2 protein chains.
Amino acid sequence: MPMDARKFRILQAIIDDYILTAIPVGSRTISKKYEMGLSSATIRNEMSDLEELGYLDQPHVSAGRIPSAKAYRLYVDQLLQNGILQSGDASSVRDHFGSRARQMEDVISRAAQVLSGLTHYTSLVMSPKGKELHIRTIQLVPVSSQSALLVIVTDGGIMRDTVIRVGSDLDSDALYAISRMLTEKLSGHTVTEALSMLNVASAAHPHHPVLEGVTEFLDTVEGDATKTKLALGGTSNILNFPEYSDVEKAKGFLSVLETKDKLIHLLENHGEMAFTVRIGPETGIPELKDCSLVTATYRLSDNTHGTIGVIGPTRMQYGRVLSILNAMGQQLSEVLGQDKE
Amino acid sequence: MPMDARKFRILQAIIDDYILTAIPVGSRTISKKYEMGLSSATIRNEMSDLEELGYLDQPHVSAGRIPSAKAYRLYVDQLLQNGILQSGDASSVRDHFGSRARQMEDVISRAAQVLSGLTHYTSLVMSPKGKELHIRTIQLVPVSSQSALLVIVTDGGIMRDTVIRVGSDLDSDALYAISRMLTEKLSGHTVTEALSMLNVASAAHPHHPVLEGVTEFLDTVEGDATKTKLALGGTSNILNFPEYSDVEKAKGFLSVLETKDKLIHLLENHGEMAFTVRIGPETGIPELKDCSLVTATYRLSDNTHGTIGVIGPTRMQYGRVLSILNAMGQQLSEVLGQDKE
DNA sequence: TGTTAGCACTCATTCGACTCGAGTGCTAAC
DNA sequence: GTTAGCACTCGAGTCGAATGAGTGCTAACA
């Protein structure tokens, strides 16, 4: 039994209706609300076929059908292929975002707020991965006689800082000299590259406290995924959807959001696509089996990119979400890239 | 009708039982489970009196009684007066916290996690208010030809940074010189004091871009409460309690947590007490009318303090929470104060 | 005078029987 | 291939009786 055009049109109508109403949709609804020119009986036969093909599920025999994950997959693939992106969202993203470019962190969390506000889903905004960032300046700022603040400015305006121990024989001017030297050597390189260069240098000057401190810090930046900044928005939005009116399910969902490591891992597996859509079980997280995750990337430069995403019920308004993510991605690239020149 | 010792003992038993079980407690329960040496009928008479005094409510006539906000208030005041603080919690806080003192931000969020993990409630950890912090070092780090990163190191190891525009005629060395000068002048003063000093300086050198940038930034640090860092932990813990099995109520609660401004405002009204306990309506936030907020402070120095707190249902294990907050406050003072010398 | 046993009364909760209706699957006719 | 008709299914909602926890009151008791 093949999947012809009519079946597809009916499936699409079912999905559209279910996304809107969240109640299982019956054959009569389709034949009345959507101008098919077919009677409910015919729709019924087609729906039976679609169920056999695995595109529809039936909660119980006397209810309508609901789309399966496979159906959403088909639906989304179709959407992605046609590239239907409303342009109206770009301007509304712009409006809500405001133009003030502040610190990376502020931008990230603001973006998460806007994203969840516009979509009514839960949003995720992740800064670029640490190890891909290019170093621009390294500066040691004296904090006390024994320690200094290590500030690393990277492209995108992100800065990472930590306090390291230095030898007590270094005063402000000495630190400044070291800073200049380090900046000269490492500027323009990625964190990963800088790390290998430092390892060479450490071999020449063993037990140099400053070098050790810097190396150690870069090491954690590279290795530790949790160093990536992740902002969430609209975490309680999920409760607006009837599929999460069960408190137990809601708890599971919210618990996942609390352990950011899982989320970061999820967002990192992005591949080279402009968009990634993971539907239900495709997320790989049991608690999210009734959720979909849509992600997109934004670029700061050729090699550094961050990820933004939206989590909602599988019956998500994929078209709208994709369009908004697209607009937000562009906006972020613009805002974060602008103070780069 | 006075409130005698026996009434108080009975009230205490009722509160203890209700905190544990969350079900209205009847006269028979009290006379059996708690060794009162009184029959249920006597208890019943006393409970009737307690209700008349406003300490007990009755959901409906054939159910037991539940403590009113007034009852919890009495209970807590008694608790605070007796200063019952189990010492066991101090060590468990220490165990969970770990000794690694990292950046302020990490410590804050770690503390929130530990706090919610130990109490099973939602925790709040707020860094000290910006304007109370003492400046230790000011450093300008070149970022591009037009802009510089302004790093301000304060006591407690907190650092605030932002990118400011500078005149294009300033190279790295010039910025360094300015940094030294600023550090020399402002070190040891609070943000508020520094601000007034800078205003004097600005009058002498009008339109100086660096001075303007620094002033503007300190201004936002002082004025903008949202600059205060606030970490939350265990936001979904509230769903474990039967009083929040209603999704609508849970949504209201979680929505409040998302707008951090309200929370910061709540935590700031702390007064000079070691602990503050706000019960139900005392929080002043309608969505939290069935919640209690317990806060405590930790100190970095004489003038700078941060706030930690726990939010849970009004039937909270106040004794335990107070004890844990006390331990955590000490721990935080220790960890954040230690790199101060 | 305080305490207790006894008893009638209240009322949320539980459970089963019942109805209602949306929706299906199947068959036969078009 | 499409459609009308019809029997059938089954979740959701309603109603009412039974249940039982808990109270308030009264009268007896120490």
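Calculation criteria
Starting afresh in each chain, residues are numbered from 1 along the sequence in its written order. Labels follow written order: the first chain is A, the first ligand is 1, and so on. Residues qualify for local features only when their pLDDT is at least 70, as the model is predicted, and side-chain atom pairs are given and counted only at 80 or more; totals for whole chains, interfaces and linings, by contrast, use all residues. Water and hydrogen atoms play no part in the side-chain values, which are based on all heavy atoms of the structure. Any two residues whose heavy atoms approach within 4.5 Å are treated as being in contact. Summed over both partners, buried area is the accessible surface (1.4 Å probe) that two parts give up on being assembled. Between Lys or Arg on one side and Asp or Glu on the other, a salt bridge is scored when a side-chain nitrogen of the former is within 4 Å of a carboxyl oxygen of the latter. Throughout this description, a polar contact denotes any pair of N or O atoms lying within 3.5 Å of each other; where both atoms belong to protein, one of them has to be capable of donating a hydrogen while the other can accept it, and for residues adjacent in sequence the pair is counted only when both atoms sit in side chains. Numbering of helices and strands runs from the N terminus; a helix is a DSSP stretch of H or I covering at least four residues, while a strand is a stretch of E covering at least two. Whether a residue is near a molecule or strand depends on its heavy atoms: if one lies within 4 Å, it is near. Three classes are used, and their members are as follows: Ala, Val, Leu, Ile, Met, Phe, Trp, Tyr, Cys and Pro are nonpolar, Asp, Glu, Lys and Arg are charged, and the others, Gly among them, are polar. A residue's pLDDT is simply how confident the predictor is in it, with values from 0 to 100. Only residues with pLDDT of at least 70 in both copies count here: their C-alpha atoms drive the least-squares fit that superposes the copies. DSSP-based pairing: two strands are paired if at least 2 bridges between them are found. Only the stretch in contact is used when fitting a helix axis, every axis being a line fitted to C-alpha atoms; angles between N-to-C directions are given from 0 to 180 degrees.

Novice: Quick question: what am I supposed to make of the interface of chain B and chain A here?
Specialist: Interfaces are often sized by the accessible area lost when the parts come together. Opposite the 37 residues of chain B that make contact, chain A presents 37 residues. Counting the surface lost from both chain B and chain A, the interface buries some 3500 Å², and carbon and sulfur atoms represent 49% of this. Between the two partners, chain B and chain A, sit 2 salt bridges. One salt bridge connects B:Asp173 with A:Arg180, and the closest N-O pair in it is separated by 3.1 Å. Applying the counting rule to chain B against chain A returns 12 residue pairs in polar contact (both at pLDDT 80 or more). Secondary-structure elements contributing two or more residues to the side of chain B that touches chain A are helix H6 (104–119), strand S4 (135–142), strand S5 (147–154), strand S6 (159–165), helix H7 (172–186) and helix H10 (247–258) of chain B. When residues of the side of chain B that touches chain A are assigned to their parent elements, the largest contribution, 6 residues, is made by H10(B).

Novice: Just to check I follow, could you spell out the protein's contact with DNA strand C for this structure?
Specialist: Taken together, the neighbourhood of DNA strand C is formed by 21 residues, with A:Ser27, B:Arg6, B:Thr42, B:Val61 and B:Ser62 sitting nearest. Sugar plus phosphate, as a fraction of atoms of DNA strand C within 4 Å of the protein: 77%. Backbone polar atom of A:Ser62 to a sugar or linking oxygen of DNA strand C: 3.4 Å apart, as the coordinates give it. Residue assignment for the surface near DNA strand C shows that the elements contributing at least two residues are helix H3 (40–52) of chain A together with helix H3 (40–52) of chain B. Top contributing element to the surface near DNA strand C by residue count: H3(B), with 4 residues.

Novice: Would you mind showing me how to read the protein's contact with DNA strand D here?
Specialist: Near DNA strand D there are 21 residues, and of these A:Arg6, A:Thr42, A:Val61, A:Ser62 and B:Ser27 occur at the shortest range. Of what DNA strand D places within 4 Å of the protein, 76% of the atoms are sugar or phosphate. Here A:Ser62 contributes a side-chain N or O atom positioned 3.2 Å from a base oxygen of DNA strand D. One of the side-chain nitrogen or oxygen atoms of B:Ser27 is found 2.7 Å away from a phosphate oxygen of DNA strand D. Among the elements that line the surface near DNA strand D, the one with the most residues is H3(A), at 4 residues. Here the residues of the surface near DNA strand D sort into 6 nonpolar, 11 polar and 4 charged.

Novice: Help me understand the confidence of the model for chain A, please; the structure alone is not making it clear to me.
Specialist: For any part of a model where pLDDT is low, the fine detail of the predicted coordinates should not be relied upon. Scored by pLDDT, chain A has a mean of 87; 93% of the residues are at 70 or more. Confidence, expressed as mean pLDDT per element, reaches its minimum in chain A at strand S6 (residues 159–165) of chain A with 72 and its maximum at strand S2 (residues 66–67) of chain A with 97.

Novice: Could you clarify how one ought to interpret the relation of the copies chain B and chain A in this entry?
Specialist: In summary, the two copies of the chain are related to each other by a rotation about an axis coupled with a shift along it. Placing chain B over chain A gives an RMSD of 0.1 Å and needs a rotation angle of 180°, together with 0.0 Å of translation along the axis. What the rotation and shift describe, once combined, is the action of a two-fold rotation axis. Taking the C-alpha atom as reference, chain B places B:Val247 closest to the rotation axis, 3.3 Å from it. Taken together, the interface assignments show that 100% of the residues at the interface of chain B recur at the interface of chain A, consistent with an identical surface on both copies.

Novice: Got a minute to help me understand the sheet that holds strand S10 (residues 305–313) of chain B in this structure?
Specialist: In a beta sheet, neighbouring strands pair by backbone hydrogen bonds and run either parallel or antiparallel. Residues and elements named next belong to chain B. Pairing in this open sheet of 5 strands is antiparallel, and the strands run S7-S3-S10-S9-S8 from one edge to the other. Single-partner strands in this sheet number two, and they are strand S7 (230–233) and strand S8 (275–279). Averaged over all adjacent pairs, the angle separating strand axes in this sheet is 15°, with direction ignored. On top of the sheet, helix H11 (residues 260–268) reaches strand S3 (122–126), S7, S8, strand S9 (291–299) and S10; it is set at about 100° to S7, its chief contact.

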